[in-house]
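Understanding the architecture of this molecule
Okay, here's what each chain looks like letter by letter:
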Amino acid sequence: MVQFFKGIITNTETDGRYHSNWLNMMYSRLLVARQLLREDGVIFISIDDNEVHHLRKLCDDVFGEDNFIGIFTVNSSPSGIDYGHIAKTNDYAMFYAKNINCTETFYLEEAEKKFSFYDDIGGYNIAPLYNGNVAFNPQTRPNLYYPFYLNPESKIENSFYEIDVEYRENWVEVYPVISKKDGIQRVWRWGKPKAKENKNLEILGYKNTSGEYRIVQKNRLTSKLIRSILIDNEYSSRRGTGEIQELFGKKIFSYPKPTHLIKDFVRSACKGNDLFLDFFAGSGVSGDAVYQLNQENDENIKFILVQLPEQTDEKSEAYKAGYKKISDITIERNKRVVNKIITAKKVEQPDLFTEENKEENLQGLGFKVFKLAKSNFPRVDFAPDPTKTDEENVELLKKYIADKEAQLVNAFNREELLTEILLKKGFNLNYTTELQTQFTKNEILLAKDSEKECLICLDVTIANETVEYFKTHKTQKFICLERALDTTKKYNLKHYLGDLVDVF
Ligand SMILES: C[S@@+](CC[C@H](N)C(=O)[O-])C[C@H]1O[C@@H](n2cnc3c(N)ncnc32)[C@H](O)[C@@H]1O
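In every chain, residue numbers begin from 1 and rise along the written sequence. At least 70 in pLDDT is required for a residue's local features to be given in this predicted model, at least 80 for side-chain atom pairs to be given and counted, and no such filter applies to totals for whole chains, interfaces and linings, which use all residues. Processing note: side-chain calculations cover all non-hydrogen atoms of the structure and skip hydrogens and water entirely.

Some details on the site of the ligand
Whether a residue is near a molecule or strand depends on its heavy atoms: it is near if one of them lies within 4 Å of it. Contacts to the ligand come from 17 residues, most closely from Lys 257, Phe 280, Ser 283, Gln 307 and Glu 310. Pairs of N or O atoms are called polar contacts if they sit within 3.5 Å, as long as, within protein, a hydrogen donor faces a hydrogen acceptor (for residues adjacent in sequence, only side-chain-to-side-chain pairs). Side-chain polar atom of Arg 29 to a nitrogen atom of the ligand: 3.2 Å apart, as the coordinates give it. At 2.6 Å from an oxygen atom of the ligand is found a side-chain nitrogen or oxygen belonging to Gln 307. Each accessible area is a Shrake-Rupley result for a 1.4 Å probe, and residues are judged covered by the shown protein chains and nothing else. Coverage of the ligand by the protein chains reaches 89% of its 590 Å² of free accessible surface.

Written out as structure tokens, the structure reads:
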């Protein structure tokens, strides 16, 4: 499980308690974040240089110094934003584990990798064998400075030359280069014994386009660890803005993260059915990134985006376009991304979304929107009145309970109550429901998620026929409202289903 969140709040720098406000806001959220994380989970936190030093301390406190994995430097504004004295081109992302001993990270597949050469083992590219570390030179690393001998008459795999580390008459002597950039004499990355062994002809002689002989190493890697410097222009917020512009036709969100960045975070930390949580969802970029990855890799990573119903500025493009709250943008972007993916798939394969196979082919492409709301179950806050007698208080309590029950029965929204009960029963948010037509007197749904299922009825009266059904069907869990049962029905249901019946 991964969390990604952005530490931006409405907090003015003129406020004398600017940093302390920020720290208070973040501290409580990080504590909750830690609690929500799975033991093998990690967190990415995007941050700029105003608070990066404070965030590091906060995270050391909340997650523990040992769980610090690293800080990414992100090339967020390649052309540089003039801050006076300095043009800022980067921001940061902090990377912590909940428990470093359980953390598993993944190499990033380089889907686009193209090979220039092939041998019996497969494709490869070549990289010079010299060491790029400027602190390494013949004085500091004498064992890495020696000549290779290259046979200019030989031909290996069409483009390469035979080499040896021992002297060979008439062969060309090849030393590591003197860097044109810094004038430093380079040394090799391999010592002589390893070079002599040269398993699978991993290093070879090569003539570059200027006709100079070089020693090169085959590189077959198709994946790599995520880099701590994310330098590509694809990581810039300009790219993020371009994505918004493409989806909405206008710039309705300032400085959105590009999907490329979030995809790399997700790819390096999530697999299969993992869950990605973004606390500060903003433009909804994390949903976009997860959809894309699931399509590319045939995975089923889930996401939860959380966004406050923060108002957009009345003068903003977003407001003018009808998005009065940031959460409206979050939702709309995710709808548009799903539609875009479906449209593209239909072009490739028009029969993918017929009535019969629609459900199956839409797997992993939908989302539900939940609003945080007051519980449908009225809070019990009755307190006996000390000026009244016991009998009077009992009467007051009875009236109180009747009023509360009436509130539940009359005022509830079926969909909301269903969600609340299923969440209380430990169902995942991506549960599905299906009407059970064998029940003719009550509306009964079969609710399912990947781990469990139950029958649920929110009718205010449970019919005798429904109770009797369970006399012969005793294996399915059944949930209903307490108010919907009189004493006899309650007794019978308990008798038929035992612990499988649950009342609310
Ligand atoms: C910069 S945006 C996130 C952008 C997002 N990563 C994207 O690329 O679209 C920061 C988000 O955090 C939310 N936010 C700001 N202060 C918050 C707070 N105190 N608690 C929760 N959310 C907050 C804002 O509503 C905003 O959507």
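A closer look at the sheet that holds strand β20 (residues 432-435)
Strand order across the open sheet formed by five strands is β20-β21-β22-β23-β24, with mixed pairing between neighbours. Lying at the two open borders of the sheet, with one neighbouring strand each, are β20 and β24 (501-503). Strand-to-strand, the axes of this sheet are offset by a mean angle of 25°, without reference to chain direction. Judged from the three bridges that link them, strand β23 (residues 478-480) and β24 form a sheet pairing that is parallel. Its bridge partner lying in β24, Cys 480 is registered against Val 503. Residues count as neighbours in contact if any of their non-hydrogen atoms are within 4.5 Å of one another. All axes are obtained by fitting lines to C-alpha atoms, using only the stretch in contact for helices, and the reported angles, taken between N-to-C directions, cover 0 to 180 degrees. Helix and strand definitions follow DSSP, with helices as H or I runs of at least four residues and strands as E runs of at least two, each counted in order from the N terminus. Sitting on the sheet, helix α11 (residues 414-424) is in contact with β20, β21 (444-448), β22 (453-457) and β23, with an inclination near 145° to β22. If DSSP finds at least two bridges between two strands, the strands pair.

Focus on the domain arrangement of the protein
Reported domain spans reflect what an automatic or database domain assignment gives. Each assigned domain of the protein is listed with its residue range as follows: domain 1 (2-103 + 229-361), domain 2 (117-221), domain 3 (371-410) and domain 4 (412-503). Of note, the centres of domain 3 and domain 4, computed from C-alpha atoms alone, are 25 Å apart.

Describing the side chain of Ser 179
Inspection of the secondary structure puts Ser 179 in the loop between β13 (172-174) and α3 (192-197). Relative accessibility under 20% of the residue-type maximum defines a buried residue, over 50% an exposed one, and the middle range a partly exposed one, all with a 1.4 Å probe and only protein chains included. Of the residues examined, Ser 179 reaches a relative accessible area of 12% and is grouped as buried. There is a polar contact of 3.1 Å between the side chain of Ser 179 and the backbone nitrogen of Lys 181. Once you skip the residues sitting within four places of it in the chain, Ser 179 turns out to touch Ile 184 and Arg 186.

Describing the nonpolar core
Among the buried residues, those of types Ala, Val, Leu, Ile, Met, Phe, Trp, Tyr and Cys that are joined through side-chain atoms within 4.5 Å form a nonpolar core. One finds Ile 421, Leu 422, Ile 456, Ile 462, Phe 470, Phe 478 and Leu 493 to be the most contacted residues of the largest nonpolar core, which totals 31 residues. Put simply, the parts of the chain that give this core at least two residues each are α11, β21, β22, α12 (464-472), β23 and α13 (487-497). Core analysis: the next-biggest nonpolar cluster, separate from the first, contains 27 residues, Ile 252, Val 266, Val 290 and Phe 303 among them.

Brief notes about helix α1 (residues 18-36)
Taking 1.5 Å per residue, 19 residues should reach 27 Å; α1 reaches 27 Å between its end C-alpha atoms and fits that length. For α1, the complete set of buried residues consists of Tyr 18, Trp 22, Met 25, Met 26, Leu 30 and Ala 33. In an axial view of α1, the angular spread of the buried residues amounts to 130°, which keeps them on one side of the axis. Working rule for helices: expected span equals 1.5 Å times residues minus one. Note: the arc covers the axis-to-C-beta directions of the helix.

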